[in-house]
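Next come the chains, spelled out residue by residue.
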Amino acid sequence: MTDFLADNNVCGQVILQLVSRGNAIVAEQLRLKEYIPKVYRLETKHEAQKYGDIIMDFSYFKTAEVQEQKIENNEALSDLDQEFKDNHIDIIQRFYLVFESIHTYVMDLNHFLEELNEGIYIHQTLESILIDMEGKQLLCEALYLYGLMLLMVDTYFEGVIRERILVSYYRYTPQRRDTQSCIDEVCKLLRDTGYHTSKKPSNYPEDYFKRIPINSTYIEYVIGRLRSDDVYGQISVYPLPRHRSSALANQASMLYVCLYFSSQVLHSQAAVMREIVDKYFLDNWVISLYMGCTVNLAEVWEPFKAAKLALNNTLESDNIKQHASNYGGRVATLLKETGLLLKEGNVTSETLLRDINNITNTLRECNVTVRWLMLHTLLRPNHVDKNKKSKQLREAVITESKCEPVLLFKLLLNTAQLELVTKEIFKKLLGEKEKQWEDLKTESYKSLVELSEVFSGTKPLTRVPKNENLHLWFLEISQQVQSLVQGDTGSSRKIIQLIQALEEVQQFHQLDSNMQIVQFLSETRKYLDQMIRNMNIKEDVLITLQIIGDISYAWELIDSYTNIMQYGIKREPTLVIKLRAVFLKLSSALEIPLLRINQARSEDLISVSQYYSSELEIYVRKVLQIIPNMMFVKLARIIEMQTSVLKELPTRVDKDKLKDYAQLNERFEFAELTHSISVFSQGMRMMKNTLVGVVCLDPKKLLEDGIRKELVLHISKALHAELTFGAKPKAEDLENKLKSLGHIMDGYKRSFEYIQDYININGLKIWQEEVTRIINYNVEQECNGFLRNKVHPWQSTYQSRYVPIPLYPPVDNSVNFIGRLAREVIRLTDPRNAVYLDQTSSWYDIKSHKLILNKETIISITSSIEVAGLVGLDRLFSFMIITALQKLASYLENKNVKTNAWVNVISSIYTEFKQIGNVENPYKTYQNFVNRSTKIWSEFLENALLVGQLQLLRSLIAFHLNKSARFNAKNLESSLRSVNKALLMDIRKETYNPSEDLMFSLSKYFDYVGLNEPYRQVYVTLRNNPDYTVTLFIFVIAHLQKIFLPQNAANLPKKTQDQFDGTALSVGVHTVLQQFHKNLNRDFIKYISNYVLTLTKQNNSGKNTELLPEVVLAINFMDSYTNYSEDSRKFYTSSLPEEILHLQKTLIS
């Protein structure tokens, strides 16, 4: 039984694999608690109304058919349900796998116990396994981990949320056959317990633990062993009786969980509970369950009569006062001791070998004191004492211990430093043990041989007479030294005897008179003494230090000291060096959850160690973030001085004004601020590379990430605060806000550029990367509104756990600042209120003719949100265009029509339109078409105008980006232009077919240099139908009277209230037709040309020689329409007689 975990022991391997899996499940629970979809909480009234019919708890199972029928019958609800499924199915499946794995775990545990009882494992029984040390530990851990899973799943995932996730999984996923856990059983195990309700449920958690029965004999054995045995052999590491509660702390936590499987002990077995409390909880009542998850027994054992009664002795006021004052009083003493030991030169290789026991005792006392005081005085972050008794107990301990949090943290800091120094020196000694032994042995042997030679007379030494007896004796002693073996226990006794013999020979043979011989003898004794100490260098010491240094209980509690750490760093940046020891001490806590996973050689080792390591890394970054934070506080003043205080020195200065420009006091303050920033930077860099778990912390990288984080916070805050607009759009308001934001951004950029050399970072690179990332992330989140499959924040490639981009709550219909800016620009350039003039690329107010937006506005936007922001704005406009085009397409295809009016009117017009050539009075017929369709165009018109407006904006953005690229990146722009031309040529000739990946990667570059050509872009793929051009033709002639075309304003009819920009309409219609084959565009031009010709002929047949207003407007419209495509212009000129084309030129001129 000594080799229970051997590879060939099937029984040992099965239970080891099970316990390993249990630790991995707990880690996954802790990981997923941060990723509960917010929508499952249904916190707001809006969410409850929107998702209430598709996110349901277990009440769904009673009316499943009715509920599904309701969703199927409601098209909007069905679409919402499908969209929700597409966006959340991955995370739902991951949650379900965790829930299912809990059920699978307990079923596997039961199966193992059944096989054990049936004798499947030869020579193994429950009793025989419990005799083996490892077997006993694993059986206890197996039950404890299951109980822990149940408690944690109920703590971190509310019952109602669990039910909603399980119902979603049931509805969205087909039943799997590759698992022994069916969803019904998982639902029964994890249904709501009522734990998170205002009133705690009765018989909790014992009823919860009984949902799946476990072998009662096994439970009894486990509780019995945990009650009576030292399962992990910890008492030998903590020899003092007063340290027993610390020695058995982990075992006590396991017993606490396992007792819920046998609740009658807690309720009625007073004697047993008294025994348990006296052994484990005599001086403590707050325990750590697992990786910092703490429990107050005074609160949780309140409903259990026997447990509560047994705990009363511990909770007596005198007992609490005694323990609190004892532990509190030790803090000052231990601080003094550790402070003394940490002084330079006090702990060296020699002193460590001599005083290792004393140092170990000091560290043991420190750890026990810190543990007790932290558990009984601190609360986990984001937790409050709801229980009155718990709060009173904690306050009593704080009062009686008289221990300030700063002093306790200082003791923790000293303890961690002393542990680190001791371990590092001891590891070095351990590594050099064999070499040192051989060196000492050689030196001792040589020294004794030399002495023998001195007394032989062959090696003359001043005044030393020849002595054959001493010669032979020293020779014999040297042979004895030569025969010493390092690993032999008898060698240590032999060395002691040799040292005594050397002392005696010095006394009895009166060798004191010769100082050289005395020196030889003392040196030899010293070497032999060091050899004894060398034999005491054993790995057991490091194991002991590891056990007593366990800080897994403070995995979450340590956050209470974050402010103290940061305050210390603020005062003295070099404190970071000392804090490294605390971070390393915390990283040692990772060994507890990883021990069994490592022993089982499980694949989960990487993911679990990665999770705990990254959690610790995030905490380290949180603590050290104070350095970048303080740097930015100083930087804010530098920005202010650079932008407002320090004067720019002109090329020529008058002598009498030189003093004004010198600004000596201001420049001294400026230099002082710069120096303080470099000091903070130096403090961070002084910390060595530190391995926490499987993650290596590089101080330079930490500093850079910290600076990035602060930069992202400040820029995001500025963008959110500045780009907020009023209810009414005002061009002046937009311009002022852009100027203000540009001023802020320029200040940061200039100061970053100035400070980068003093803190040794590439400031410009960081600036560009982070600004681009902020813009791209916000554009991505804003575009989610146009996508069915949304990108969640945790899925975004632009979001980072270490340098997170903050999410601000929306202030209007937009998700963030980029949406607000885009919609403000759209509101200002609304075709109903503003008109676009192509010659100046500007928008003017349709009534007052005031300038609203032009190229200068685009320049202001670029200076405010950089080129990346302009590209992001362009991308958002593209999504808006796609949405509008999809709506227009649904009208053209008669798919998304709310009333029958559209279908009826358009269908009848199609029929009549085909016979238009045979009609006697075309004008009347066309007018009839217009009159019949007047009421159906409102939404169609809105979307067509929006498409045109956005296309004009995109064109203006592309122009600015291209112009900027030609000035700032001439070679890149010309290279990309050449690549674009070459690719298009190859595609047209069909000589080369580029891959989608190549086209996608190149399109990003084209967007940045303005080579995307919005007017020629195909946004959506649509079915070609010639009837669509008829619809668009009728739509255009129906609105000719309302369009406002500045290039020929004199020929327009009197202004009406519902007039709108004709350029936007012409671009909108052109863009719609661009989505189809070019033949449809030609058909449309043909219809307009025929319209112009037919009406002109009809009008000229009488005495009237003037052109009809409709003809003039149609000609003007087509002049605008054909501006955006060379093909359209050519076909239009070929479709009309030269006389009319001449007439068009006359009208325009």
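Below you will find a few notes about this structure. In this text, all values refer to a predicted model and were calculated from it rather than measured experimentally. (Residues numbered from 1 in each chain as written. Predicted model: local features only at pLDDT ≥ 70, side-chain atom pairs only at ≥ 80, totals over all residues. Heavy atoms only, no water.)

## Focus on the overall build of the protein chain
- Secondary structure summary: the protein chain contains 48 helices and nine strands in total.
- The buried share among the 1149 residues of the protein chain stands at 52%.
- Considering only intrachain contacts with a sequence separation of at least 6, the fraction spanning at least 24 residues in the protein chain is 78%.
- Surface summary for the protein chain: the accessible area is close to 55,200 Å², and the carbon and sulfur share equals 51%.
- The protein chain carries 134 positive and 136 negative side-chain charges, and their two centres are separated by 5 Å. (Helix = DSSP H or I, 4+ residues; strand = E, 2+ residues; numbered from the N terminus. Buried < 20%, exposed > 50% of the residue type's maximum accessible area, 1.4 Å probe, protein only. Contact = heavy atoms within 4.5 Å. Areas by Shrake-Rupley, 256 points an atom, 1.4 Å probe, with all protein chains shown as cover. Lys, Arg positive; Asp, Glu negative; His and termini not counted. Charge placed at Lys NZ, Arg CZ, Asp CG, Glu CD.)

## A look at the environment of K655
- Looking at the secondary structure, you find K655 in the loop between helix 30 (626-645) and helix 31 (658-662).
- Between the C-alpha atom of K655 and that of E220, which follows or precedes it by 435 residues, the distance is 97 Å.

## Brief notes about unusual backbone geometry
- A cis amide bond links Y204 with the next residue in sequence, P205, at an omega value of 5 degrees.
- Within the secondary structure, P205 is located in the loop between helix 8 (183-190) and helix 9 (206-209).
- Here the phi dihedral of L42 falls at roughly 45 degrees; this positive angle occurs in a residue that is not glycine.
- On the secondary structure map, L42 appears in the loop between helix 1 (10-32) and helix 2 (45-51).
- Backbone geometry at E1013 places phi at a positive 45 degrees, although glycine is not the residue there.

## As for the packing of aromatic side chains
- This model, assessed by the stated rule, comprises 47 aromatic pairs.
- On the numbers, 6.1 Å between centres and 80 degrees between planes, the contact of Y208 with F209 is edge-to-face.
- Among the residues examined, Y208 registers a relative accessible area of 2% and is labelled buried.
- Relative to F261, the ring of F209 lies with its centre 4.7 Å away and its plane at 65 degrees, an arrangement referred to as edge-to-face. (Phe/Tyr/Trp six-rings, centres within 6.5 Å; stacked < 30°, edge-to-face > 60°.)

## Considering empty space enclosed by the protein
- Following the criterion strictly, the structure yields six cavities of 30 Å³ or more and no others.
- Within this model, the largest cavity holds a volume of roughly 130 Å³.
- As for the largest cavity, its lining consists of 16 residues, of which S245, A249, N284, R371 and L375 are closest to the centre.
- Sort the elements by how many residues they give to the lining of the largest cavity and helix 18 (residues 349-377) lands first, with five residues.
- Of the residues contributing to the lining of the largest cavity, the split by class is nine nonpolar, six polar and one charged. (1 Å grid on protein atoms, 1.4 Å probe; cavity = no way out; pocket = protein on both sides within 12 Å on 5 of 7 lines; lining within 4 Å. Points joined across faces, edges and corners; volume = space filled by probe spheres on them. Nonpolar A, V, L, I, M, F, W, Y, C, P; charged D, E, K, R; others polar.)

## Notes on the environment of L575
- Among the structural elements, L575 can be located in helix 27 (residues 575-587).
- Among all residues touching L575, those that are not within four sequence positions of it are L413, M565, G568 and I569.

## What to know about the pairing of strand 2 (residues 293-296)
- Here strand 2 shows two buried faces, one formed by C293 and V295 and the other by T294 and N296.
- By the bridge criterion, four bridges tie strand 1 (residues 286-290) to strand 2 in an arrangement that is antiparallel. Pairing of V286 across the sheet is with N296, part of strand 2.
- Hairpin connection between strand 1 and strand 2: a loop of two residues separates the two successive antiparallel strands, and M291 in this loop has a positive phi of roughly 45 degrees. (Pairing = 2+ DSSP bridges.)

## Remarks on the sheet that holds strand 5 (residues 834-837)
- Pairing within the open sheet is antiparallel, and its three strands lie in the order 5-6-7. The outermost strands of the open sheet, each flanked by one partner alone, are strand 5 and strand 7 (851-853). Between one strand axis and the next, the sheet turns by 40 degrees as a mean value, whatever way the strands run.
- Relative to strand 6 (residues 842-845), strand 5 runs antiparallel, the two sharing four bridges. By the bridge assignment for strand 6, V835 is matched with Y844. (Axes fitted to C-alpha atoms, helices over the stretch in contact; angles between N-to-C directions.)

## Topic: helix 42 (residues 996-1008)
- The end-to-end C-alpha separation of helix 42 is 19 Å, in line with the 18 Å expected for 13 residues at 1.5 Å each.
- Positive phi shows up at G1010, right after helix 42, with a value of about 70 degrees. (Expected span 1.5 Å × (residues − 1).)

## Comments concerning the packing of helix 28 (residues 591-599) against helix 29 (residues 604-624)
- Put simply, helix 28 and helix 29 touch, their axes get as near as 9 Å, and they point 170 degrees apart. Considered as vectors, helix 28 and helix 29 are oriented roughly antiparallel to each other. Contacts between helix 28 and helix 29 involve P593, L594, I597 and N598 from the former and D604, L605, V608, S609 and Y612 from the latter.
- The residue makeup of the contact of helix 28 with helix 29, split by class, is six nonpolar, two polar and one charged. (Parallel < 35°, antiparallel > 145°, perpendicular 65-115°, else oblique.)

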